[in-house]
Amino acid sequence: MEAFEVEASRAEGAAAVQALLSCVRESAGQLEAQDAAKGIFKRLLPLGLAALRLYFAERGTGEVGPAVEREDGEVLLREGKLRDRD
């Protein structure tokens, strides 16, 4: 697993905001409220995804060193490499 890039996530977020604002401008005089709401919600999903990617990009992979000590005192050794989670 690779960490998400901060700048790429910000760019995705900015693009999603622009798409949302464009949708609102275009639908303001043309669509019924329920149809406009569907369009807005559809464009909010990519914005939420970009926000989560930015969150994880800022937070990192979670690597904390060669070992982690749990609250109960047990020491857990880190595996040699990061793995994907299914």
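Up top you'll find the structure we're talking about.
Keep in mind that this is a model prediction, so the values were computed, not measured.

(A) Structural view of the pattern of salt bridges. Enumeration according to the criterion identifies 5 salt bridges in this entry. Notably, a salt bridge pairs Arg10 with Glu58, separated by 3.2 Å at the nearest N-O pair. With Arg10 in helix H1 (residues 6-27) and Glu58 in helix H2 (residues 33-59), the pair connects residues that are 48 residues apart, well separated along the chain. Take Arg10: its relative accessible area is 43%, and that puts it in the partly exposed class. The network of salt bridges with common partners includes Glu7, Arg10 and Glu58.

(B) View of the packing of H1 against H2. Where H1 meets H2, the closest approach of the two axes is 8 Å, and the angle between their N-to-C directions is 165°. The orientation of H1 relative to H2 falls into the category roughly antiparallel. For the element pair H1 and H2, the recorded crossing hand is left-handed. Where H1 approaches H2, its residues Val6, Ser9, Arg10, Glu12, Gly13, Ala16, Val17, Ala19, Leu20, Cys23, Val24 and Ser27 are matched on the opposing element by Ala36, Gly39, Ile40, Arg43, Leu44, Pro46, Leu47, Ala50, Arg53, Leu54, Ala57 and Glu58. Each residue belonging to the contact of H1 with H2 can be placed in one class, and the counts come to 15 nonpolar, 4 polar and 5 charged.

(C) Structural context of the environment of Lys38. For Lys38, the location among the structural elements is in helix H2. The spacing of Lys38 and Asp84 is 46 residues in sequence and 34 Å in space, taken between C-alpha atoms.

Parameters at a glance
Residues numbered from 1 in each chain as written. Predicted model: local features only at pLDDT ≥ 70, side-chain atom pairs only at ≥ 80, totals over all residues. Heavy atoms only, no water. Salt bridge = Lys/Arg side-chain N within 4 Å of Asp/Glu carboxyl O. Helix = DSSP H or I, 4+ residues; strand = E, 2+ residues; numbered from the N terminus. Buried < 20%, exposed > 50% of the residue type's maximum accessible area, 1.4 Å probe, protein only. Axes fitted to C-alpha atoms, helices over the stretch in contact; angles between N-to-C directions. Parallel < 35°, antiparallel > 145°, perpendicular 65-115°, else oblique. Left-handed = near helix turned anticlockwise from the far one by under 90°. Contact = heavy atoms within 4.5 Å. Nonpolar A, V, L, I, M, F, W, Y, C, P; charged D, E, K, R; others polar.

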